[in-house]
Amino acid sequence: MSATILSGREAADALLNELKPKVKKLDPKLVIVQVGEDPASGSYIKQKFISCEKVGLRSEHKHMPESTSLEELLKVIDDLNNDNDVSGFIVQVPLPDHLNDKIPQITRAVDPSKDADGFGAYNLGKMFLSTEYEHLPPATPSGIIRMLEHYKIPIEGKHAVVVGRSNIVGKPIAIMLLNRGATVSVCHSKTPDIGSITSQADILIAAVGKPKLITADMVKDGVVVIDVGVNRTDDGLCGDVDFEEIEKKASAITPVPGGVGPMTVASLIRNCVNAKERQVSA
Ligand code: GUN
């Protein structure tokens with residue numbers, strides 16, 4: 001079997017095109033706060049601004065120095081919360097070391113109605129309750145759901161196996177799949193014999209950040225594989241799954257790069273548009 005390649009670029013463009021009329025009507029604005037010079041963040045942020053431009057969304061880069069204190073960052077967040085022209089904003093992670101362990105406090109400071117990442121407890125809680133309460137769901141998981149929908153891959157009744165339990169991907173995608181009728185298993189670093197569980201997956205979501213952790217012997221024929229990993233190795237970028245070998249067994253698989261990444265960006269933009277829509281109707 002040769003797998004369908006699930007192109008995030010194609011699915012993201014379809015979503016961005018759908019958003020264009022709303023962007024034109026509502027004229028929202030997205031602000032991206034960056035602290036320091038993490039090189040990977042630099043390239044992710046560039047992609048985000050390119051997509052904003054594609055869809056005609058106003059955007060601004062607030063780039064603060066590495067030495068920024070917690071108080072200075074919280075002041076910027078407070079200003080963004082109170083700026084009526086700003087519809088949504090994000091604080092790009094990772095932050096410099098002195099701020100990284102303050103991420104819960106920083107996330108809490110973001111007004112939930114402008115939380116374009118969908119990282120805060122209010123938006124996560126709504127996502128948890130049911131699909132109809134999703135308003136600003138976390139961007140990567142909602143991008144994965146949109147990718148499955150774009151390629152008409154059914155979720156209900158399927159066994160979805162999630163490898164990884166982060167607050168921004170593993171846990172929320174497990175809930176979003178559960179709320180759509182999947183049977184969900186979650187594996188992580190403490191799970192013994194991960195392969196015995198991943199080999200049961202109809203849909204496999206790999207989000208651990210370990211290059212090629214998932215090998216062909218760990219999946220069954222016909223599996224749909226969503227690879228969230230972006231690992232920088234000596235041989236270049238690679239995902240969490242062994243793409244070349246698993247492609248031969250899977251019915252569909254996302255590439256890295258060009259898979260989940262563009263969907264995260266398009267979902268972030270969708271959240272910003274939806275945030276503005278709710279702000280003007282409030
Ligand atoms: N760093 C890598 N991906 C993301 C993302 O989606 N949002 C934020 N805030 N930081 C990131």
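Look a little higher up for the structure.
In this text the structure is predicted, and so the values were computed from the model without any measurement.

A word on the pairing of strand E5 (residues 159-163)
Judged by how many residues are buried, E5 sits mostly within the fold: 5 of 5 residues are covered. Burial of E5 is two-sided: the residues His 159, Val 161 and Val 163 facing one way and the residues Ala 160 and Val 162 facing the other way are all buried. Judged from the 5 bridges that link them, E5 and strand E6 (residues 183-187) form a sheet pairing that is parallel. Note on E6: the bridge partner recorded for Val 162 is Val 186. Handedness of the E5-helix H8 (residues 170-178)-E6 crossover: right-handed. Relative to strand E7 (residues 203-206), E5 runs parallel, the two sharing 4 bridges. When the bridges of E7 are listed, Val 163 appears paired with Ala 206.

Some remarks on the site of the ligand
Around the ligand, a shell composed of Lys 48, Ile 90, Val 91, Gln 92, Val 93, Asp 117, Phe 119 and Thr 264 is seen. Between Gln 92 and the ligand, the recorded distance is 3.1 Å, taken from a side-chain N or O atom to a nitrogen atom. Asp 117 places a side-chain nitrogen or oxygen 2.7 Å from a nitrogen atom of the ligand.

Looking at a nonpolar patch on the surface
Together, Tyr 44, Val 230 and Leu 237 give the surface a local cluster of nonpolar side chains, amounting to about 220 Å² of exposed area. Inspection of the secondary structure puts Leu 237 in strand E10 (residues 236-238).

Description of the sheet that holds E5
Pairing in this open sheet of 6 strands is parallel, and the strands run E1-E11-E8-E7-E5-E6 from one edge to the other. Either end of the sheet is taken by a strand with one partner, and the two such strands are strand E1 (4-5) and E6. The sheet contact formed by strand E8 (residues 224-227) and strand E11 (residues 252-253) spans 2 bridges and is parallel. Within E11, the position partnered with Val 224 by the bridge is Ala 252. Strands E5, E6 and E7 of the sheet are contacted by H8, whose axis makes an angle of about 170 degrees with E5.

Criteria and thresholds
- Residues numbered from 1 in each chain as written.
- Predicted model: local features only at pLDDT ≥ 70, side-chain atom pairs only at ≥ 80, totals over all residues.
- Heavy atoms only, no water.
- Buried < 20%, exposed > 50% of the residue type's maximum accessible area, 1.4 Å probe, protein only.
- Helix = DSSP H or I, 4+ residues; strand = E, 2+ residues; numbered from the N terminus.
- Pairing = 2+ DSSP bridges.
- Right-handed = clockwise from strand over helix to strand, strands pointing away.
- Near = heavy atom within 4 Å.
- Polar contact = N/O pair within 3.5 Å; in protein donor to acceptor, adjacent residues only side chain to side chain.
- Patch = residues over 30% accessible without salt bridge, like charges linked within 9 Å, V, L, I, M, F, W, Y side chains within 5 Å.
- Areas by Shrake-Rupley, 256 points an atom, 1.4 Å probe, with all protein chains shown as cover.
- Salt bridge = Lys/Arg side-chain N within 4 Å of Asp/Glu carboxyl O.
- Contact = heavy atoms within 4.5 Å.
- Axes fitted to C-alpha atoms, helices over the stretch in contact; angles between N-to-C directions.

Nothing here speaks to function; it is geometry throughout.
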